[in-house]
Amino acid sequence: MDQQEQLQRGAGGKLVVDGMPSCAAAETAVHEDAAGGEFERQPVPQSRLLGFKSFIGMYAGEHCAGTELMIGPLFVAAGVSAADLVGGLIVGNALAVLSWMFLCAPIATRARLTLYYQLEKICGRNLVTLYNLANGVMFCFLAGAMITVSATAVGVWAKFPMPGLNDLYPNSIGWVLAVLGVGALISIVAACGYQTVAKFANIAAPWMVLVFLVFGFVGLRQFIDSTGAEIRSAGDLWTLAKTSIWKGGDPQAGQVKFTFWHVMFFAWFCNMAMHVGMSDLSVFRFAKKSWYGVASASGMYVGHFMAWVSASILYAYQLHLNPSDTDVLPGPLAWRAAGLAGLVCVVIAGWTTANPTIYRAGLAFQAIVPKRSRFMVTLVTGAIATIAALFPAIAMKLLGFVALYGMLLMPMGAVVFVDFWFMRKLGLRSSFAEWSRKSFNWAAGLTWFLTLAFCVMLMLRYGFDKMFFVSLPGWFFAAVLYVVLSLVYQRQLHELPIARTITKLCSWVSLIVLVLMGVLYMVGAVSLDAAKGTMIVATFVWFGATSMWMWNGAKEGSS
């Protein structure tokens, strides 16, 4: 439930909505700032801090949304067992809560700045612009997946063919028209009537949470009736779960086999951009205490446990009735479980999630082109999201997409963490771009790019199914790399003759290695996977090392 509400100032300086305290006031304040409201470039004052209940309500609603209707079934498609699912979700969600509590919230409640302003102070305006571009593009794809979710409800009513689990492209004119219609409506509302839908989303949130709970109850009853199981104890229920619902075994074709570790890391890192990636600095800067980060547990165990489990039960029952029916379509699943109320839930869940996601992406893009109107930028953003929604691969591969999204933004979270806690202790400047008036902090930029190269190298070496794991070593790699590069960059060691010689040598060696890998594969001396992994490393070494000497050479030539 990502919403923005019309805010008023109530007695005692608290945020209220139409005279009533808002459970989503923290999220609201974030959107207000992003749109150019108060505290965009200054710390939040004591008079505007919020209580613990505000964050419980916000996280419980935000994480029970349209994505849950896709993620839950995909666990079943991945061949997960009951023990691995339940155990992985319990541990992984706990680690996510701890990440909010000990990585994100302590910095937020001390600095009380938005992530974007904090990054600008550290990285410089130009690098933050690049970050906004990456963030905006990923938001567009996420919004596209939510448009896909809502379009499946239209398919139940209009009865046109809908995409299957492994479809990459649209498979019917009806699907294209439904996506275009839903996407156009959501985009126009995001551009024109955002606050109205946000208020409606606040009303719908408690109802949606309970509908997800009903999905689980109905699906469980359907399993009991179809299997003839007698449930007299918790042990009987667990036996049904592990023998009929989450049976384990091989995954569906084209899906990655999920174990306990896959589930745990996915539950931990599916919101990596928010906690480890520090996006929720913008939320918790309104918290009175850093321990308010524990409020995220309401979202993790309502949305990322109960809702995922309930949605997965519906899909498991679909497979129980017809093992060949592997399509992951929230509309038909909800219709079978709750009829028209289920379809309404699918539409609202997708709509109220896609609407603010398009709005957020539009704000990220508007920061790049500030002279363009928010209305037009949001419409164009909605059009991009709608085009993405036409291709069902994004929604059907949502587990991998979410892991990729977190990995993309994770290095900047490590930069913020190290810069805040360790730079001064190491004798280096924190907020270096602000102090030096540089528009691009190369230490932060290279940390971002080289960490992504490191993660890609690990995936090429060990398989792309390891994308759920590589962000953990990637975070530590980024933290250490940022310290080393900051030492070189701030002390201007890279401008010494010996440093320039070394970086030039690295550049030319990387080009030699790049060509050598092609030759070695051609003669059969190395495998293609080994060649690919080495070539991506050589590519990033070229861009990293060459930037260190060619950039400075260009500046010297122009002076």
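Note that the coordinates shown come from a computational prediction; the quantities given were computed from them, not determined experimentally. (Residues numbered from 1 in each chain as written. Predicted model: local features only at pLDDT ≥ 70, side-chain atom pairs only at ≥ 80, totals over all residues. Heavy atoms only, no water.)

Caption draft 1: Quick look at empty space enclosed by the protein. Under the counting rule described, the total for this entry stands at 3 cavities of 30 Å³ or more. Its volume calculated, the largest cavity comes out at about 350 Å³. Residue lining of the largest cavity: 21 residues in total, with H63, T67, L142, N271 and M274 positioned closest to the centre. Elements represented by at least two residues in the lining of the largest cavity include exactly helix 3 (66-77), helix 6 (125-158), helix 12 (296-321), helix 13 (330-368) and helix 16 (398-421). Its residues assigned to classes, the lining of the largest cavity comprises 11 nonpolar, 6 polar and 4 charged. Taken together, F265, F266, F269, C270, M272, V402, A403, G406, M407, M467, F468 and S471 make up the full set of residues lining the second largest cavity. Put simply, the parts of the chain that give the lining of the second largest cavity at least two residues each are helix 10 (260-269) and helix 16. The greatest single-element share of the lining of the second largest cavity, amounting to 4 residues, is contributed by helix 16. (1 Å grid on protein atoms, 1.4 Å probe; cavity = no way out; pocket = protein on both sides within 12 Å on 5 of 7 lines; lining within 4 Å. Points joined across faces, edges and corners; volume = space filled by probe spheres on them. Helix = DSSP H or I, 4+ residues; strand = E, 2+ residues; numbered from the N terminus. Nonpolar A, V, L, I, M, F, W, Y, C, P; charged D, E, K, R; others polar.)

Caption draft 2: View of unusual backbone geometry. For S431, which is not glycine, the phi torsion reads 50 degrees and is therefore positive. Among the secondary structure elements, S431 is positioned in the loop between helix 16 and helix 17 (432-436). The exposure class assigned to S431 is buried, which follows from its relative accessible area of 15%. In this model, R437 sits at a positive phi of 60 degrees, which is unusual for a non-glycine residue. Inspection of the secondary structure puts R437 in the loop between helix 17 and helix 18 (442-462). (Buried < 20%, exposed > 50% of the residue type's maximum accessible area, 1.4 Å probe, protein only.)

Caption draft 3: Broad picture of the packing of aromatic side chains. Considering all chains together, one arrives at 37 aromatic pairs under this definition. Aromatic side chains W291 and Y292 sit 4.8 Å apart centroid to centroid with 85 degrees between the ring planes, which places their arrangement in the edge-to-face category. Overall, the relative accessible area of 45% leaves W291 in the partly exposed class. An angle of 45 degrees between the planes, with centres 6.4 Å apart, marks the rings of Y301 and F305 as tilted. In this pair, Y301 and F305 are both assigned in helix 12, 4 residues apart and thus about one turn of the helix distant. Residue classification places F305 among the partly exposed residues on the basis of a relative accessible area of 22%. Within the aromatic cluster, the residues linked to one another by ring pairs are F52, F55, Y59, W100, F284, W291 and Y292. (Phe/Tyr/Trp six-rings, centres within 6.5 Å; stacked < 30°, edge-to-face > 60°.)

Caption draft 4: Representation of a nonpolar patch on the surface. The grouping of I512, L514, V515, L516, V519, M522 and V523 at the surface amounts to a nonpolar patch, some 670 Å² of accessible area in total. Within the secondary structure, V515 is located in helix 20 (residues 497-522). Judged by relative accessible area, V515 falls into the exposed class, the value being 57%. (Patch = residues over 30% accessible without salt bridge, like charges linked within 9 Å, V, L, I, M, F, W, Y side chains within 5 Å. Areas by Shrake-Rupley, 256 points an atom, 1.4 Å probe, with all protein chains shown as cover. Salt bridge = Lys/Arg side-chain N within 4 Å of Asp/Glu carboxyl O.)

Caption draft 5: View of the layout of surface pockets. Estimated volume of the second largest pocket: approximately 480 Å³. Taken together, 19 residues form the lining of the second largest pocket, with L450, L485, G544, A545 and M548 sitting closest to its centre. Listing elements by their share of the lining of the second largest pocket, those giving two or more residues are helix 18, helix 19 (471-490), helix 20 and helix 21 (528-558). Of the residues forming the lining of the second largest pocket, the biggest block, 6 residues, is contributed by helix 21.

Caption draft 6: Molecular detail of the environment of M300. Structurally, M300 is set in helix 12. Distance in space between the C-alpha atoms of M300 and A96 is 7.9 Å, their sequence separation being 204 residues. Residues contacting M300, with those up to four places away along its chain left out, are H63, N93, A96, V97, W100, N271 and F305. (Contact = heavy atoms within 4.5 Å.)

Caption draft 7: Broad picture of helix 16. With 24 residues, helix 16 extends 34 Å between its outermost C-alpha atoms, agreeing within 8% with the 34 Å of an ideal straight helix rising 1.5 Å per residue. Largest kink in helix 16: about 35 degrees, centred on L409, with the proline P411 one to four residues after it. A large share of helix 16 lies buried, amounting to 22 of its 24 residues. (Expected span 1.5 Å × (residues − 1). Bend = angle between axes of the 7 residues up to and from the residue.)

Caption draft 8: Here's a closer look at the packing of helix 16 against helix 18. One way to put it is that helix 16 packs onto helix 18 with a least axis distance of 9 Å and a crossing angle of 135 degrees. What the angle tells us is that helix 16 and helix 18 run oblique. For the pair helix 16 and helix 18, the sense of crossing is right-handed. In this structure, helix 16 uses M407, L408, M410, P411, M412 and V415 to contact helix 18, whose residues at the interface are A444, T447, W448, T451, L452, C455 and M459. Grouping the constituent residues of the contact of helix 16 with helix 18 by class yields 11 nonpolar, 2 polar and no charged. (Axes fitted to C-alpha atoms, helices over the stretch in contact; angles between N-to-C directions. Parallel < 35°, antiparallel > 145°, perpendicular 65-115°, else oblique. Left-handed = near helix turned anticlockwise from the far one by under 90°.)

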